[in-house]
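A closer look at the structure
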Amino acid sequence: MAQINNQKAWKHLYRTALWKKLRLNQLSIMPICTYCDQQGRVEIARVVDHIKPHKGDEILFYNPKNLQSMCFSHHNSTKAREENSEITLGCDTSGIPLDPNHHWN
């Protein structure tokens, strides 16, 4: 319940002019989903995701180096599971796991 209240505390950041500008810039620089691209697939990105969850930290929130382009599917499923498990899911085109901590890497 505390996390839901915290999310409400920073939800206003997504309505700022600076965020809207950063979002459009990110999608113009990388219009393809980062996760799909790593898997050798092409899917248009519609979501700009924070690589490291910001949890209200405005420095992380507005840092362009902390942004990645994602499709809805990866953002709403894969990324959510990764944040809960702290494991990068999926493989690249050669079948090597994307997680740098995987024992094959």
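Read on for a plain summary of the structure.

Let's shift gears to the environment of Y14. Along the chain, the position of Y14 falls in the loop between α1 (2-10) and α2 (17-29). Residue class for Y14 comes out partly exposed when judged on its relative accessible area of 32%. It is 9.3 Å that separates the C-alpha atoms of Y14 and F61, two residues lying 47 residues apart in sequence. Setting aside anything within four residues of it in sequence, one finds Y14 in contact with W19, K20, H50, H54 and F61. A distance of 3.1 Å separates the side chain of Y14 from the side chain of H54, its partner in a polar contact.

Residues V47 and D49 of strand β1 (residues 47-50) are buried on one face, and the alternating residues V48 and H50, pointing to the opposite face, are buried as well. The pairing of β1 with strand β2 (residues 67-70) spans four bridges and is classified as antiparallel. Paired with V47 across the strands is M70, a residue of β2.

Two aromatic rings, taken as a pair, are described by how far apart their centres are and by the angle between their planes. The tally for this structure, following the rule as stated, stands at four aromatic pairs. Ring centres 4.9 Å apart and planes at 80° place the aromatic pair Y14 and F61 in the edge-to-face group. Taken as a pair, Y14 in the loop between α1 and α2 and F61 in helix α4 (residues 58-61) lie far apart in primary sequence, 47 residues in all. A centroid spacing of 4.9 Å and a plane angle of 85° characterise the contact between F61 and Y62, whose relative ring orientation is edge-to-face. An aromatic cluster is defined as three or more aromatic residues linked by ring pairs; in this entry it consists of Y14, W19, F61 and Y62.

Conventions we followed
- Residues numbered from 1 in each chain as written.
- Predicted model: local features only at pLDDT ≥ 70, side-chain atom pairs only at ≥ 80, totals over all residues.
- Heavy atoms only, no water.
- Helix = DSSP H or I, 4+ residues; strand = E, 2+ residues; numbered from the N terminus.
- Buried < 20%, exposed > 50% of the residue type's maximum accessible area, 1.4 Å probe, protein only.
- Contact = heavy atoms within 4.5 Å.
- Polar contact = N/O pair within 3.5 Å; in protein donor to acceptor, adjacent residues only side chain to side chain.
- Pairing = 2+ DSSP bridges.
- Phe/Tyr/Trp six-rings, centres within 6.5 Å; stacked < 30°, edge-to-face > 60°.

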